[in-house]
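Here's the letter readout for the chains.
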Amino acid sequence: TVHGINTTFDGTFPGRGPNPNEKTTGQASEKVRQAHADFAVAFDADADRGIVLDNTGRFVPPEKIAVIIAKNSEKIGNVVASVDCSILLERELNGTGIHVIRGKVGDVFMAQAVKKHHALIGVERSGHFFLSSFHASDDPFVMSAKLSEILSNTRTSLAALADEIPEY
């Protein structure tokens, strides 16, 4: 079941402003708790970025989402991360057979790097996600579907998965 908020198009962005981040997702955080939802995704104005909140309404950094997706992938390969992402990716993925490659900030640069390095996933700190098993463009909807699949398969809450990963 999907519960939408701020779903009416309005260029003045009365619900929270056009850019989702830890400070602007209070309404979504409250909704995820009220609905007992598994997670929430707050999209930006053109819906090419998504910021994830766990089942308790807490902000989950994009790097943690990338780690969760990479570790639950059927394949082992590369992860492309923009240079503004934390060292969390290397610390969590090195030693698993997954190699982290750093790329320039910018969705065009990231898409090119995901293609060039045949990456499983690409991630930017701003919430751009690239899942090459679907296509090479940034797509927070595909990320959302993949995250739903992982939570369904592991039968673990997103909060529990995120808490297993340290903060940096």
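Residues numbered from 1 in each chain as written. Predicted model: local features only at pLDDT ≥ 70, side-chain atom pairs only at ≥ 80, totals over all residues. Heavy atoms only, no water.

1. Remarks on the environment of T56
Then, number 1: Here T56 is to be found in the loop between β2 (50-53) and β3 (59-60).
Then, number 2: Take T56: its relative accessible area is 34%, and that puts it in the partly exposed class.
Then, number 3: It is 9.4 Å that separates the C-alpha atoms of T56 and S157, two residues lying 101 residues apart in sequence.
Then, number 4: In terms of polar contacts, T56 uses its side chain to reach the side chain of D54, at 2.6 Å. (Helix = DSSP H or I, 4+ residues; strand = E, 2+ residues; numbered from the N terminus. Buried < 20%, exposed > 50% of the residue type's maximum accessible area, 1.4 Å probe, protein only. Polar contact = N/O pair within 3.5 Å; in protein donor to acceptor, adjacent residues only side chain to side chain.)

2. Things to note about helix α5 (residues 140-154)
Then, number 1: With 15 residues, α5 should reach 21 Å at 1.5 Å per residue; the first-to-last C-alpha distance of 21 Å fits that figure.
Then, number 2: Among all positions in α5, only P140, V142, M143, S144, K146, L147, I150 and L151 are buried.
Then, number 3: Looking at the buried positions of α5, the neighbouring elements they touch are β1 (40-43), β2, α2 (62-71), β7 (129-131) and α6 (158-163).
Then, number 4: With a side-chain oxygen positioned 2.9 Å from the backbone nitrogen of F141, the residue opening α5 is D139. (Expected span 1.5 Å × (residues − 1). Contact = heavy atoms within 4.5 Å.)

3. A short note on the pattern of salt bridges
Any two side chains of opposite charge can pair, given that their charged atoms come close.
Then, number 1: For the structure on display, the rule yields ten salt bridges.
Then, number 2: Residue E92 pairs with K71 through a salt bridge whose shortest N-O separation is 3.3 Å. Of this pair, E92 sits in helix α3 (residues 88-93) while K71 is found in helix α2, placing the two residues 21 residues apart along the sequence.
Then, number 3: Looking at E92, the relative accessible area reads 16%, which means it is buried.
Then, number 4: The partner of E149 in a salt bridge is K146, and the shortest N-O contact between them spans 2.7 Å. Linking E149 with K146, this pair stays in helix α5, spanning three residues, or about one helical turn.
Then, number 5: A relative accessible area of 16% places K146 in the buried class. (Salt bridge = Lys/Arg side-chain N within 4 Å of Asp/Glu carboxyl O.)

4. Some thoughts on the packing of α2 against α5
Then, number 1: Two elements in contact, α2 and α5, have axes separated by 10 Å at closest approach and are oriented at 60°. Our classification of the angle between α2 and α5 gives oblique. Regarding α2 and α5, the two cross each other, and that crossing is left-handed. Residues I65, I68 and I69 of α2 form the contact with α5, whose own contacting residues are M143, K146, L147 and I150.
Then, number 2: Class assignment for the residues of the contact of α2 with α5 results in six nonpolar, no polar and one charged. (Axes fitted to C-alpha atoms, helices over the stretch in contact; angles between N-to-C directions. Parallel < 35°, antiparallel > 145°, perpendicular 65-115°, else oblique. Left-handed = near helix turned anticlockwise from the far one by under 90°. Nonpolar A, V, L, I, M, F, W, Y, C, P; charged D, E, K, R; others polar.)

5. Overview of the nonpolar core
Then, number 1: Ranked by internal contacts, the top residues of the largest apolar core, which has 31 residues, are I65, L89, M143, L147 and L158.
Then, number 2: Broken down by secondary-structure element, the contributors of at least two residues to this core are α2, β4 (78-82), α3, β6 (119-123), β7, α5 and α6.
Then, number 3: At six residues, the largest contribution of residues to this core is made by α2.
Then, number 4: Among residues more than four places away in sequence, those in contact with M143 are V41, G50, V52, I65, I69, F129 and L131.
Then, number 5: Counting residues in each nonpolar core, the second largest holds eight residues, with V80, I101, A111 and F130 among its members. (Core = buried A, V, L, I, M, F, W, Y, C linked by side-chain atoms within 4.5 Å.)

6. Quick look at the packing of aromatic side chains
Then, number 1: Taken as a whole and assessed by the stated rule, the structure comprises one aromatic pair.
Then, number 2: Taking NZ or CZ as reference, K104 lies 4.9 Å from the ring centre of F109, over its face. (Phe/Tyr/Trp six-rings, centres within 6.5 Å; stacked < 30°, edge-to-face > 60°. Lys NZ or Arg CZ within 6 Å of the ring centre and 35° of its normal.)

7. Description of the side chain of D44
Then, number 1: If you trace the backbone, D44 turns up in the loop between β1 and β2.
Then, number 2: Of the residues examined, D44 reaches a relative accessible area of 9% and is grouped as buried.
Then, number 3: For D44, the side chain forms a polar contact with the main-chain nitrogen of A47, separated by 3.0 Å.

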